[in-house]
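# Understanding the architecture of this molecule
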Amino acid sequence: MTVWAFSAPDGSLTPGATRDDLNGAHYLHEVYTKARRDYTGRVTVPVLWDRETGTIVSNESSEIIRMFNSAFNALGAAGDDLYPQAQRAEIDELNAVIYDTVNNGVYKCGFAKSQEAYEAAFDPLFETLDRLEQRLARQRYLFGVRPTEADWRLFPTLVRFDPVYYSHFKCNLRRIIDCSNMWGYTRDLYQVPGVAETVSLAHIKRHYYASHAMINPTRIVPKGPAIDFGAPHDRARLSSRSGEPAGGRPH
C-alpha cells in the first residue's frame, strides 16, 4: 500500500519534496480526514484543496485539469483553452483511447497476474503508441499547432515510460526515446515554461521501484537511465502547417 507523505513525522523532507505549509500535514490521509473527519476510504492523488472552504474539491485528475482550464477565468486568470468547444468530441474520444490503452495500459501490464492478461494489455498499448507516433509525424501536438488537455493527459505517462514502465512494468517492446516523433514531442511539452519543475525522475523512480514489493521485492531503485528532456526538439517546424487537419484516429 502506498503511503502518500509530505514529510516525515520529524518534519524532515526528501530532497526536492514539498512541505504542506497550508494544513501542516505529514501524510495526505490527514488532509482527507480534515475534509471529512469520518473518512476511511482510499487516499489517492492528485488532490485539489480549496483553502476558502477548507475542504477537498476533487481528487480526480480529469476533473481537476478542466477546473483549472476555466474555473478562474472570471478572476482574469484565463490562459490557453485546453478544451476548445469545437474539438471537444474529438478530444473526449482520443482521451478515452489513450486512457484505456496507454495511461492505464501500463498499469494493466505491470500488475497483470497472468501471461494472458499481460499480453492483452501489452499489444493495445504499443498499437496506440505506434498510431500516436504516426499522428505526431504530421503535426506538433495531438490536435494541431496548440496543445490541448489530451496532450497533457498523455505527458505524465510518456515522461515516466523509459525510466519506469519500460522495465518495472515490462512494457519493453520499445522505448519512447526510440520513437523520434514521440520523443521530440515529449521534450517539447517538458520544455513548456513551468513544466520541468514539476518533474523529478528521482521521485518517480523511488515511488515505483520502492513501493511495489510484489513487482520489485528488493526495492532497489535503478540509477539510470540517462535521459535529457532538455535537448532541442525541433517540433516548432510543424507549427507552420496550421492548415492541416488533425487526422487519424488512434484506434
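The structure reproduced in this document is the subject of the present report. Predicted model, so just to flag it, every value in this text is computed and none were measured.

Let us now look at unusual backbone geometry. Of note, the bond from Val-45 into Pro-46 is cis; its omega dihedral lies within 30 degrees of zero at 0°. Inspection of the secondary structure assignment puts Pro-46 in the loop between helix 1 (28-35) and strand 1 (48-50). A cis geometry characterises the amide bond from Gly-224 onward to Pro-225, with omega recorded as 0°. Along the chain, Pro-225 falls in the segment after helix 8 (201-211). With phi around 55°, Arg-219 is a residue other than glycine that occupies positive phi space. With respect to the helices and strands, Arg-219 occurs in the segment after helix 8. What makes Arg-219 partly exposed here is its relative accessible area of 43%. Not every positive phi belongs to a glycine, and Asp-234 is a case in point at roughly 60°. Along the chain, Asp-234 turns up in the segment after helix 8.

Take the side chain of Arg-187 next. Mapping Arg-187 onto the fold places it in helix 7 (residues 180-190). Here Arg-187 occupies a buried position and makes no salt bridge, while the nearest side chain of opposite charge, Asp-228, is found at 7.0 Å. Engagement of the side chain of Arg-187 in a polar contact is seen with the backbone oxygen of Pro-232, the distance being 2.5 Å. Non-local contacts of Arg-187, meaning those with residues more than four positions away in its chain, are made with Asp-228, Phe-229, Ala-231, Pro-232 and His-233.

So, how was this worked out
Residues numbered from 1 in each chain as written. Predicted model: local features only at pLDDT ≥ 70, side-chain atom pairs only at ≥ 80, totals over all residues. Heavy atoms only, no water. Helix = DSSP H or I, 4+ residues; strand = E, 2+ residues; numbered from the N terminus. Buried < 20%, exposed > 50% of the residue type's maximum accessible area, 1.4 Å probe, protein only. Lys, Arg positive; Asp, Glu negative; His and termini not counted. Salt bridge = Lys/Arg side-chain N within 4 Å of Asp/Glu carboxyl O. Polar contact = N/O pair within 3.5 Å; in protein donor to acceptor, adjacent residues only side chain to side chain. Contact = heavy atoms within 4.5 Å.

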